[in-house]
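Spelled out, the chains give:
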Amino acid sequence: MRTSNKTAAFRPGRVHFQEFTVAFEYPVVSCRGALAAADPTLAWCVSRREPDRRHPVYAAIDAGVAAAWPELGAQLQAYAGRHADVLDLVGLEIVPGGEQAKNDPTLISGLQARFAKAKLDRHAAVLAIGGGAVLDAVGFAASVTHRGLRTVRMPTTVLSQNDAGVGVKTGVNAFGAKNFIGTFAPPFAVLNDGELLTTLPLREARAGLAEAVKVALIRDADFFGCLEADAVALAAAELAALEVSVERCARLHLAHIAGAGDPFEMGSARPLDYGHWSAHKLEIISGHELRHGEAVAIGMALDARYAERKGLLPAAALERICALLERLGLPLYHPALSLQTSGRLEILAGLEEFREHLGGMLTITLLTAIGRSIEVSEMDERDITAAVAWLRERATRSPT
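Predicted model, so just to flag it, every value in this text is computed and none were measured.

Parameters at a glance
- Residues numbered from 1 in each chain as written.
- Predicted model: local features only at pLDDT ≥ 70, side-chain atom pairs only at ≥ 80, totals over all residues.
- Heavy atoms only, no water.
- Helix = DSSP H or I, 4+ residues; strand = E, 2+ residues; numbered from the N terminus.
- Rg over C-alpha atoms; globule rule 2.2 N^0.38 Å.
- Buried < 20%, exposed > 50% of the residue type's maximum accessible area, 1.4 Å probe, protein only.
- Contact = heavy atoms within 4.5 Å.
- Lys, Arg positive; Asp, Glu negative; His and termini not counted.
- Charge placed at Lys NZ, Arg CZ, Asp CG, Glu CD.
- Patch = residues over 30% accessible without salt bridge, like charges linked within 9 Å, V, L, I, M, F, W, Y side chains within 5 Å.
- Areas by Shrake-Rupley, 256 points an atom, 1.4 Å probe, with all protein chains shown as cover.
- Salt bridge = Lys/Arg side-chain N within 4 Å of Asp/Glu carboxyl O.
- Pairing = 2+ DSSP bridges.
- Expected span 1.5 Å × (residues − 1).
- Phe/Tyr/Trp six-rings, centres within 6.5 Å; stacked < 30°, edge-to-face > 60°.
- Axes fitted to C-alpha atoms, helices over the stretch in contact; angles between N-to-C directions.
- Parallel < 35°, antiparallel > 145°, perpendicular 65-115°, else oblique.
- Left-handed = near helix turned anticlockwise from the far one by under 90°.
- Nonpolar A, V, L, I, M, F, W, Y, C, P; charged D, E, K, R; others polar.

A. Just the overall build of the chain, in detail. Within the chain, the secondary structure is distributed over 17 helices and 12 strands. Computed over C-alpha atoms, the radius of gyration of the chain comes to 22 Å, within 12% of the 21 Å expected from 2.2 N^0.38 for 400 residues, which places it in the range of a compact globule. The dimensions of the chain, computed from C-alpha atoms along their principal axes, are 65 × 60 × 40 Å. When burial is assessed residue by residue, the chain has 54% of its 400 residues classed as buried. A separation threshold of at least 6 residues defines the contact pool for the chain, and within that pool the share at least 24 residues apart is 78%. Treating the 41 positive side-chain charges of the chain as one cloud and the 46 negative ones as another, the clouds have centres 5 Å apart.

B. The arrangement of unusual backbone geometry in detail. Positive phi is not limited to glycine here, since H288 has a value of about 60 degrees. Checked against the element boundaries, H288 lands in the loop between α13 (276–285) and α14 (292–309). A relative accessible area of 30% places H288 in the partly exposed class. The phi dihedral of S342 is positive, around 55 degrees, even though this residue is not glycine. Under the relative-accessibility criterion, S342 is labelled exposed at 80%.

C. Examining the environment of L367 more closely. Assignment of secondary structure puts L367 in strand β11 (residues 364–369). Considered as a pair, L367 and E308 are 59 residues apart in the sequence and their alpha carbons are 8.7 Å apart. Filtering out sequence-adjacent residues up to four positions away, L367 remains in contact with L217, I218, Y274, A307, L312, L313, I321, R372 and S373.

D. Main features of a nonpolar patch on the surface. Side chains of F20, V22 and F24 sit close together on the surface and give an oily, nonpolar patch of about 360 Å² of accessible area. Within the secondary structure, F20 is located in the loop between α1 (5–8) and β1 (28–31). The exposure class assigned to F20 is exposed, which follows from its relative accessible area of 63%.

E. Spatial organisation of the environment of V246. Structurally, the position occupied by V246 is in helix α12 (residues 239–259). Residue V246 is classed as buried on the basis of its relative accessible area, which comes to 4%.

F. Here's a closer look at the pairing of strand β7 (residues 177–184). When strand β6 (residues 169–174) meets β7, the two strands line up antiparallel, connected through five bridges. When the sheet's bridge partners are listed, A174 is paired in β7 with A177.

G. Examining α14 more closely. Between its first and last C-alpha, α14 extends 26 Å over 18 residues, near the 26 Å set by a 1.5 Å rise per residue. A positive phi of about 80 degrees marks G311, the residue just after α14.

H. Highlighting helix α9 (residues 202–219). Here α9 is 18 residues long and its end C-alpha atoms lie 27 Å apart, about the 26 Å a rise of 1.5 Å per residue gives. By the criterion of burial, α9 is predominantly enclosed, with 13 of the 18 residues buried.

I. Quick look at the packing of aromatic side chains. Summed over the entire model, instances satisfying the criterion amount to two aromatic pairs. For the ring pair Y58 and F115, a centre distance of 5.4 Å and an interplane angle of 80 degrees mean the geometry is edge-to-face. Of the two residues, Y58 is situated in strand β2 (residues 55–62) and F115 in helix α6 (residues 105–117); the sequence distance between them amounts to 57 residues. The exposure class of Y58 is buried, given its relative accessible area of 5%.

J. Broad picture of the pattern of salt bridges. Inspection of the entire model under this criterion finds 24 salt bridges. Across the pair K214 and E211 runs a salt bridge whose closest N-O atoms are separated by 2.7 Å. Linking K214 with E211, this pair stays in helix α9, spanning three residues, or about one helical turn. Using a relative accessible area of 1% as the deciding quantity, one classes K214 as buried. Of the charged contacts in the structure, one is a salt bridge between D220 and R248, with a shortest N-O distance of 3.3 Å.

K. Structural detail: the packing of α9 against α12. At their nearest, the axes of α9 and α12 sit 10 Å apart, and the two run at 50 degrees to each other. On the basis of the axis angle, α9 is oblique to α12. Seen along the crossing, α9 lies across α12 with a hand that is left-handed. Where α9 abuts α12, its residues L209, E211, A212, V215 and R219 lie against L242, S245, C249, L252, H253, A255 and H256. For the contact of α9 with α12, the residue count by class is seven nonpolar, three polar and two charged.

L. Main features of the sheet that holds strand β8 (residues 189–193). Pairing is parallel in the open sheet, where six strands are placed in the order β1-β8-β5-β4-β2-β3. In the strand order of this sheet, the two ends are held by β1 and β3 (87–95), each with one partner. Direction aside, neighbouring strands of the sheet carry axes that sit 20 degrees apart on average. Here four bridges tie β1 to β8, and the two strands are oriented parallel to one another.

Spelled out as structure tokens, the structure:
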């Protein structure tokens, strides 16, 4: 229903507008070997506000991380013992990793039941160690327990260290939609330990680089140039290059959250979701064959080609974007992108789902140059379809 001018101008006679401001702050620490018994960093992250008391800690560890680091549980127990003056490890469990964590509602209720059994209070900490999906799910469970338990995140993937793990959102999938249920809940602290990246499969490390490309495209042309210069080392997942990229990307992400004026996404613009309107849908229609970062890479290439067709983005910039993604070992196309129902691309349904996610008004970020963007409220399905065909043709020419 359209609001009339008369209604829009109405003001109740007896009304009080309540207004207050709450400041949020949390440290994002970059380090190596944070679980070495002598390293005080994790203990500081948990106890920094009340260093004179002992804090209950409940640890949830990604099953994939536990498999890669079989000694992690024992290491964490030894660490808590070394720092027993401020840490009391009251629970430790292994949780499913990947999208399974976000697709299983029993995981959330089970975690909450165990939080209750451990008698966690609002000065306790939930320590989430894992990839972005585990951080999202465990963080959501903590955020709706006692109206918000403190969460200390230890991201273990490139994607979670440079993007998902440093932000203010939690979420799980429901009703066929990604992140349909979730909260805005800033973490109590984030601990980016480079050592945890050393066991990542190469595909996972590369997938996380898509978010670095994304934030460079919308905020920092110089960073994009650095990614181009370091592309060989990054594609090989060399730790030193990954750590530099992760820290710079995370800081750009944090600067956007703090400085863009909408940390809890009350408006419709989502620059940090560049390339995501199609990526979220593509993950689903590919049966999660694509990693999130891989879907984002395809989504960015799609939107870059669309912007070039619309005369917004120079062809040379489009080529730089596609070339960098390819050099980083990221895909520009997947067959699911071309799936059709009744003659219409299935990916186009992502526009309506993204509009709903934004709050009713479609707002898509498109590039005008590397490091600069605009917001548009309409997308031409014919040009999207043509952009998909272009990506398919490019993939046919360059199958590697």
